[in-house]
Amino acid sequence: MTGIIIDKISMVFTLPDGGDVHALNKVSLNIEPGQIVSVLGPSGCGKTTLLNILAGFLSPTDGEVRHNNQTVTGPGAERGMVFQQGALFEWLTVNDNIQFGPKMAGKPKAESVAKCEELLNIVGLAGFGEKPVYQLSGGMQQRVALARCLANDPDVILMDEPLGALDALTREKMQGLILKLWKETGKTIILITHSVEEALFLGERLIVMAPRPGRIVEDFSLPFPRQALTTNARDVKASPEFVAKREEVLSMIWEMEEEIMGGGIEVRGLSDA
Amino acid sequence: MREQKTPSSLAIWLGLADNSFTRQKTVKFGDESAVSSGRFYSILIVILLLSAWIITSVFGLIKPFYWPTIGGTGDRIIKLLSEGFRNVPLWEHVGISVYRVFAGVLSGALIGIPLGFSMGLSSVARGLFDPIVEFMRPIPPLALIPLIILWFGIDETAKIALLFLASLFIMTIAARSGVSSVRISKVHAAYSLGASKLQILRHVILPNALPEIFTGLRTSMGVCWGTVVAAELVAADKGVGSMIMIAKNFLQTDTVVIGIIIIGVIGYIIEMFMRFLERVFIPWKGKG
Ligand SMILES: Nc1ncnc2c1ncn2[C@@H]1O[C@H](COP(=O)(O)OP(=O)(O)OP(=O)(O)O)[C@@H](O)[C@H]1O
Ligand SMILES: [Mg+2]
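Let me begin by describing the structure that accompanies this report. No experiment lies behind these values; they were computed from the predicted model shown.

### Topic: the overall build of chain A
Okay, so step 1: A count of helices and strands for chain A gives 10 helices and 10 strands.
Okay, so step 2: Relative to its length of 273 residues, chain A is compact, with a C-alpha radius of gyration of 19 Å against a globular reference of 19 Å.
Okay, so step 3: With the principal axes as the frame, chain A shows a C-alpha extent of 60 × 45 × 35 Å.
Okay, so step 4: Looking at chain A as a whole, 51% of its 273 residues qualify as buried.
Okay, so step 5: Partitioning the intrachain contacts of chain A with sequence separation of at least 6 by distance along the chain shows that 70% fall at a separation of at least 24.
Okay, so step 6: Taking the average place of the 26 positive charges on the side chains of chain A and the average place of its 35 negative ones, the gap between the two points comes to 5 Å.

Right, here's the structure in full:
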């Protein structure tokens, strides 16, 4: 396994009025198998675009992404995705949602039922299997989304603000769950977030992006996810080291936001035209 | 705490007193949910109308030519039930109309749903059918009756063809908007879980479009029910519509009135039936 190689990808969107948006400009990144990587950056810096390219939903206007030495040309079961919300199939029960991938692949029923049971236990939803998903709370739904993704046993899990729609407390619990899953499954995880704290806590590597054109400006190596595997999450987040890093990254993001707003409010697209 | 006399549950049911929830509201005008059912007044108006009918019947205030007496109507119902109308049992008149509606709606759905799906999924299909669908959409089905009679005559095929057309475009548009209402993240999620195009169609797009297809079926049922009665008024020897038309020719106002009541009641039952099916088959509606 060679992980994911992002090789000088650029993405230019052409607007209907003729203007161009450089959502990504020559972005390169190597992600080792088993790494947990968080991606942070001001709104509009191309995070979602990057993730959609990794998932194979978009093809970059230039450059390429390779996963295990294969050029990514479309979505595939080896790269699972967890969306912010609303991507569960509301006409199916929790069980059927989780077993969706194996069922599509024609796996034996008994096998996927057993796997589903196991996953329900891991994400703390034992006994909820027969419920329709729309009866679950937002946090529970995201746990189903995680389980559904894991049931398919992908190499890489891509997450676009998976906890963005949750309240602060549920969010902390879910961060713990993601770390636990990372530890137990050893999967490669790439996670986009708007929360600096979350990015530090869930990234042994933190990628900071800047807009116009979308690019990578920082690539931190961080000890916090590994620390959190052995120590209490709150202690990790309260440690002087964590707080110092948080302030550093926060002021960096602030600076970028200032820059964006500094030249007066621009109308996106018009300035590029 | 202020002492408050709790109104009886009968008074609440009748809508004469506010329920415990509304009672605490200080702002009621403009809050639709604070307007009670007013059931007492519903009962009142029905009783009033019935009494008016009884009184006019007893004293012979309205000529039966314009509006039947209550006794006459009762006798006529018994006669219709026992002897039928013009040698055809009453249930057969009703049954044939209902049958025509179902045949029309189902055939329209059978063609319309795949058509709508193809329009939502392929530019070729969209390009081909869009002008036709958009052109046919605003034409009331009744305006097609003359053409249908020229093409198919006035037999059974003609009526079902008319209802088929009435339902076809409703179902096409419903299925098409069902496809376009699919949230892209669901489709993406399914692809990332390894689903093929056909599996996406069967396991994501179809279930996602079901609520809209069902709404289409309901609308279709309503429109077709209206259309069948009107079509039977024009040309038919069986069916509720033809029954009231022929009754009119014989100046049987009571049969006309009974026919109208039947039309209303059946239309209501169809609507309730469809809502029931919807609750049973798509409990997830509006919960995505
Ligand atoms: N389909 C599209 N057509 C045109 N422009 C697009 C399209 N998708 C994204 N963009 C533009 O590309 C840039 C990056 O968008 P993207 O959604 O990747 O940002 P993001 O970092 O995910 O932002 P956020 O944090 O708000 O989710 C933005 O300027 C956006 O307007
Ligand atoms: Mg985004």
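Having seen the structure, we can now continue with the description.
### Regarding the packing of aromatic side chains
Working definition: an aromatic ring pair is given by the centre-to-centre distance plus the angle between the planes.
Okay, so step 1: Tallying each qualifying case throughout the model produces eight aromatic pairs over all chains.
Okay, so step 2: Members of the aromatic cluster, joined through ring pairs, are A:Phe89, A:Trp91, A:Phe100 and B:Trp284.
Okay, so step 3: The ring of A:Phe89 has A:Arg148 sitting right over it, with the charged end atom 4.7 Å from the ring centre.
Okay, so step 4: The residue whose ring lies beneath A:Lys237 is A:Phe201, and the NZ or CZ to ring-centre distance is 4.5 Å.

### Some remarks on the nonpolar core
Okay, so step 1: Membership of the largest hydrophobic core comes to 52 residues, with the highest contact counts inside it found for A:Phe89, A:Phe100, B:Phe117, B:Val204 and B:Trp225.
Okay, so step 2: At 12 residues, helix α10 (residues 197–234) of chain B tops the list of elements feeding residues into this core.
Okay, so step 3: Not counting residues within four places of it along the chain, the set of residues in contact with A:Phe100 comprises A:Phe89, A:Leu92, B:Ala190, B:Leu193, B:Ala195, B:His203 and B:Val204.
Okay, so step 4: Judged by nonpolar contacts, the second largest core, of 51 residues, contains A:Leu40, A:Leu119, A:Leu181 and A:Val196.

### A closer look at the site of ligand 1
Residue and element names in this part refer to chain A.
Okay, so step 1: In the vicinity of ligand 1, 14 residues are found, and the nearest of them are Ser43, Gly44, Lys47, Thr48 and Thr49.
Okay, so step 2: Here an oxygen atom of ligand 1 sits 3.2 Å away from a polar atom, N or O, in the main chain of Cys45.
Okay, so step 3: Interatomic distance of 2.5 Å between a side-chain N/O atom of Thr49 and an oxygen atom of ligand 1.
Okay, so step 4: Elements supplying a minimum of two residues to the shell around ligand 1: β2 (20–31) and α1 (47–55).

### Overview of the sheet that holds strand β8 (residues 188–192) of chain A
All names here are of chain A.
Okay, so step 1: Across the sheet, six strands lie side by side as β6-β7-β8-β3-β9-β10; this open sheet has mixed pairing. Of all strands in the sheet, those with a lone pairing partner are β6 (79–82) and β10 (215–221), marking the two edges. Strand-to-strand twist of the sheet, defined as the mean angle between neighbouring strand axes without regard to direction, takes the value 20 degrees.
Okay, so step 2: Bridge count for strand β7 (residues 156–160) against β8 is five bridges, and the pairing is parallel. Residue pairing across strands places Leu158 opposite Ile190, the latter belonging to β8.
Okay, so step 3: Set on the sheet, α1 makes contact with β3 (36–40), β6, β7, β8 and β9 (205–210); between it and β7 the angle comes to about 150 degrees.

### Quick notes on the interface of chain A and chain B
Much of the literature gives interface size as the accessible area that the parts lose upon coming together.
Okay, so step 1: The partner chain B presents 20 residues to the 23 residues of chain A that form the contact.
Okay, so step 2: In total, about 1900 Å² of surface goes out of reach between chain A and chain B, with carbon and sulfur atoms giving 67% of it.
Okay, so step 3: When residues of chain A are sorted by the area they lose upon contact with chain B, A:Trp91, A:Met104 and A:Tyr134 head the list and together hold 34% of the total.
Okay, so step 4: Remark: the boundary between chain A and chain B carries one salt bridge.
Okay, so step 5: Viewed at the interface, chain B and chain A are joined by five residue pairs in polar contact (both at pLDDT 80 or more).
Okay, so step 6: Of all elements in the fold, only β6, α3 (100–104) and α5 (138–151) of chain A reach the threshold of two or more residues within the side of chain A that touches chain B.
Okay, so step 7: Residue contributions to the side of chain A that touches chain B peak at four residues, all from α3(A).
Okay, so step 8: Split into classes, the residues belonging to the side of chain A that touches chain B amount to 13 nonpolar, six polar and four charged.

Cut-offs used in this document
- Residues numbered from 1 in each chain as written.
- Chains lettered and ligands numbered in written order.
- Predicted model: local features only at pLDDT ≥ 70, side-chain atom pairs only at ≥ 80, totals over all residues.
- Heavy atoms only, no water.
- Helix = DSSP H or I, 4+ residues; strand = E, 2+ residues; numbered from the N terminus.
- Rg over C-alpha atoms; globule rule 2.2 N^0.38 Å.
- Buried < 20%, exposed > 50% of the residue type's maximum accessible area, 1.4 Å probe, protein only.
- Contact = heavy atoms within 4.5 Å.
- Lys, Arg positive; Asp, Glu negative; His and termini not counted.
- Charge placed at Lys NZ, Arg CZ, Asp CG, Glu CD.
- Phe/Tyr/Trp six-rings, centres within 6.5 Å; stacked < 30°, edge-to-face > 60°.
- Lys NZ or Arg CZ within 6 Å of the ring centre and 35° of its normal.
- Core = buried A, V, L, I, M, F, W, Y, C linked by side-chain atoms within 4.5 Å.
- Near = heavy atom within 4 Å.
- Polar contact = N/O pair within 3.5 Å; in protein donor to acceptor, adjacent residues only side chain to side chain.
- Pairing = 2+ DSSP bridges.
- Axes fitted to C-alpha atoms, helices over the stretch in contact; angles between N-to-C directions.
- Buried area = accessible area lost by both parts, 1.4 Å probe.
- Salt bridge = Lys/Arg side-chain N within 4 Å of Asp/Glu carboxyl O.
- Nonpolar A, V, L, I, M, F, W, Y, C, P; charged D, E, K, R; others polar.

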